[in-house]
Amino acid sequence: MNMVSFLLSKSCPIANLLPQNLSSSLSDAFPGSKSISFNAQIGVKFRSKSLQIKAMETTSINDYHLETQPQTHAQKAPTSLKIAVIGFGNYGQFLAKTFVRQGHTVLAHSRTDYSDAAGELGVSFFSDPHDLCEEHPEVVVLCTSILSTTSVLKSIPFQRLRRSTLFVDVLSVKEFPRNLFLEILPEDFDILCTHPMFGPESGRNGWAGLPFVYDKVRIGNDDLRISRCGGFLDVFAREGCRMVEMNCAEHDKYAAESQFITHTMGRILERFGLESSSINTKGYESLLKLVENTSKDSFDLYVGLFMYNNNAMEQLEKLESAFQSLKRELSGNLQTLCRRKLFEDGISEGKKRSAKAAS
């Protein structure tokens, strides 16, 4: 008899101290099996031959978090969250600064070694995602590029996280990560899709009044999960963000009409080659600022806004149609002016000829 069997057997002196509802805890730990039951008097029974235990690494007990104590959902959620930021580049560091300042414990992982930058911010950096996940963050925030989200998400060792871990994305498109999360994440994990509609440049002087869009795609019904989700959203509410709850499809429609068009115009004007002069108007200064802001973002971001928003192509076609319509209107005015000029010149020439003939 091994140690685990002994502790759960009727011969163990502490067996009577174990909770009567351990059966439900065991069932939760092994959701695919109904073959385990517990009784304080007779110990553990295995009633089915279908139970199979697969070989795992020695960390597997921690991975699945078998808990023999009953869950107390009335327990108040902690005010401080343990937040893991996966993708610790410019934007990940930008968010982490606020997380740390508000008193949250922040972990980070990235393919690039940002250990020095993390240390300066008070963030624990992990080069191996397995090590990060074994710290059991309550919230995992994906701060990757749109194009790399799928590969990064698939590289996360979910089995090392607590079940019901909250996953959050901060991408500029929303239907894509929503569908990806629902497809790849374990069903027990919570999902919150968000879009902080600002960045290191626009948010450098604070986030007050800046829009933060979110969609609670899948949040558990118990108090702790609801409180944890609310606690994460409160990070942005405390900074004064304008909190906007909106479903992912609606977000992408509006974002294509605003953000994608803004980036498109900035890219066009950048290639057009706008130059500053001593007689810049306020409107022209705004265009120069637009070019400056959009050029600071990677071209991969712009490609992602186009490829992963179903509404982007329609907006691009509308923009091209509007430009062609404007050209036609200008050409029409020019033709009208030319015809009028030719007509007026013809009348004037005729009058000259008549006057000359009369003389």
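Since we're looking at a predicted model, the values are computed, not measured. (Residues numbered from 1 in each chain as written. Predicted model: local features only at pLDDT ≥ 70, side-chain atom pairs only at ≥ 80, totals over all residues. Heavy atoms only, no water.)

Asker: Please set out the overall build of the protein chain residue by residue, giving values where relevant.
Answerer: Within the protein chain, the secondary structure is distributed over 13 helices and 10 strands. Contacts spanning at least 24 positions in sequence make up 67% of the contacts within the protein chain whose residues lie at least 6 apart. Of the roughly 21400 Å² of accessible surface on the protein chain, 53% is carried by carbon and sulfur atoms. (Helix = DSSP H or I, 4+ residues; strand = E, 2+ residues; numbered from the N terminus. Contact = heavy atoms within 4.5 Å. Areas by Shrake-Rupley, 256 points an atom, 1.4 Å probe, with all protein chains shown as cover.)

Asker: Describe in detail the pairing of strand S8 (residues 190–196), supporting the description with residues and values.
Answerer: In summary, the side chains of a regular strand alternate between the two faces of the sheet. The buried fraction of S8 amounts to 7 of the 7 residues, a majority that puts the element mostly inside the structure. Residues Asp-190, Leu-192, Thr-194 and Pro-196 point to one face of S8 and Ile-191, Cys-193 and His-195 to the other, with burial holding for every one of them. As defined by bridge partners, strand S7 (residues 166–169) adjoins S8 across 4 bridges and the pair is classed as parallel. Residue pairing in the sheet places Val-168 in a bridge with Leu-192 of S8. Chirality of the crossover, the property in question, places the unit of S7, helix H8 (residues 175–184) and S8 among those that are right-handed. Bridge analysis of S8 against strand S9 (residues 211–218) gives 5 bridges, and the strand direction is antiparallel. Following the sheet pairing, Pro-196 is matched in S9 by Phe-212. (Buried < 20%, exposed > 50% of the residue type's maximum accessible area, 1.4 Å probe, protein only. Pairing = 2+ DSSP bridges. Right-handed = clockwise from strand over helix to strand, strands pointing away.)

Asker: Now, about the side chain of His-195: what can you tell me, with residues and values included?
Answerer: Tracing the backbone shows His-195 in strand S8. Sequence-distant contacts of His-195, that is, excluding residues within four places in its chain, are made with Leu-171, Ser-172, Lys-174, Pro-211, Phe-212, Val-213, His-251 and Gln-259.

Asker: Explain helix H10 (residues 248–272) to me, and be specific about the residues and the numbers.
Answerer: With 25 residues, H10 should cover 36 Å at 1.5 Å per step; its first-to-last C-alpha distance of 34 Å lies within 8% of that length. Considering bend angle alone, the principal kink of H10 is centred on Ala-255 and spans about 45°. N-capping of H10 is provided by Asn-247, with a side-chain oxygen placed 3.2 Å from the backbone N of Ala-249. Phi turns positive one or two residues past the end of H10, at Gly-273, with a value near 90°. (Expected span 1.5 Å × (residues − 1). Bend = angle between axes of the 7 residues up to and from the residue. Polar contact = N/O pair within 3.5 Å; in protein donor to acceptor, adjacent residues only side chain to side chain.)

Asker: I'd like a rundown of unusual backbone geometry, residues and numbers included.
Answerer: Not every positive phi belongs to a glycine, and His-136 is a case in point at roughly 55°. With respect to the helices, strands and loops of the structure, His-136 is situated in the loop between helix H6 (129–133) and strand S6 (139–142). Phi at Ser-164 takes a positive value of approximately 80°, unusual for a residue other than glycine. Among the secondary structure elements, Ser-164 is positioned in the loop between helix H7 (149–154) and S7.

Asker: Please provide a residue-by-residue account of the packing of H10 against helix H11 (residues 282–296), values included.
Answerer: At their nearest, the axes of H10 and H11 sit 8 Å apart, and the two run at 105° to each other. Between H10 and H11, the angle falls in the class roughly perpendicular. Of the residues in H11, those touching H10 at Thr-262, His-263, Met-265, Gly-266, Arg-267, Leu-269 and Glu-270 are Leu-287, Leu-290, Val-291, Thr-294 and Ser-295. Tallied by class, residues from the contact of H10 with H11 come to 5 nonpolar, 5 polar and 2 charged. (Axes fitted to C-alpha atoms, helices over the stretch in contact; angles between N-to-C directions. Parallel < 35°, antiparallel > 145°, perpendicular 65-115°, else oblique. Nonpolar A, V, L, I, M, F, W, Y, C, P; charged D, E, K, R; others polar.)

Asker: Tell me what's going on with the sheet that holds S6, and back it up with residues and numbers.
Answerer: The 8 strands are arranged S5-S4-S3-S6-S7-S8-S9-S10 in an open sheet whose pairing can be described as mixed. With one partner strand each, in any of the chains shown, strand S5 (124–126) and strand S10 (242–245) form the two edges of the open sheet. For this sheet, the mean inter-axis angle between neighbouring strands, taken without regard to orientation, is 25°.

Function-wise, these values are silent; they only describe arrangement.
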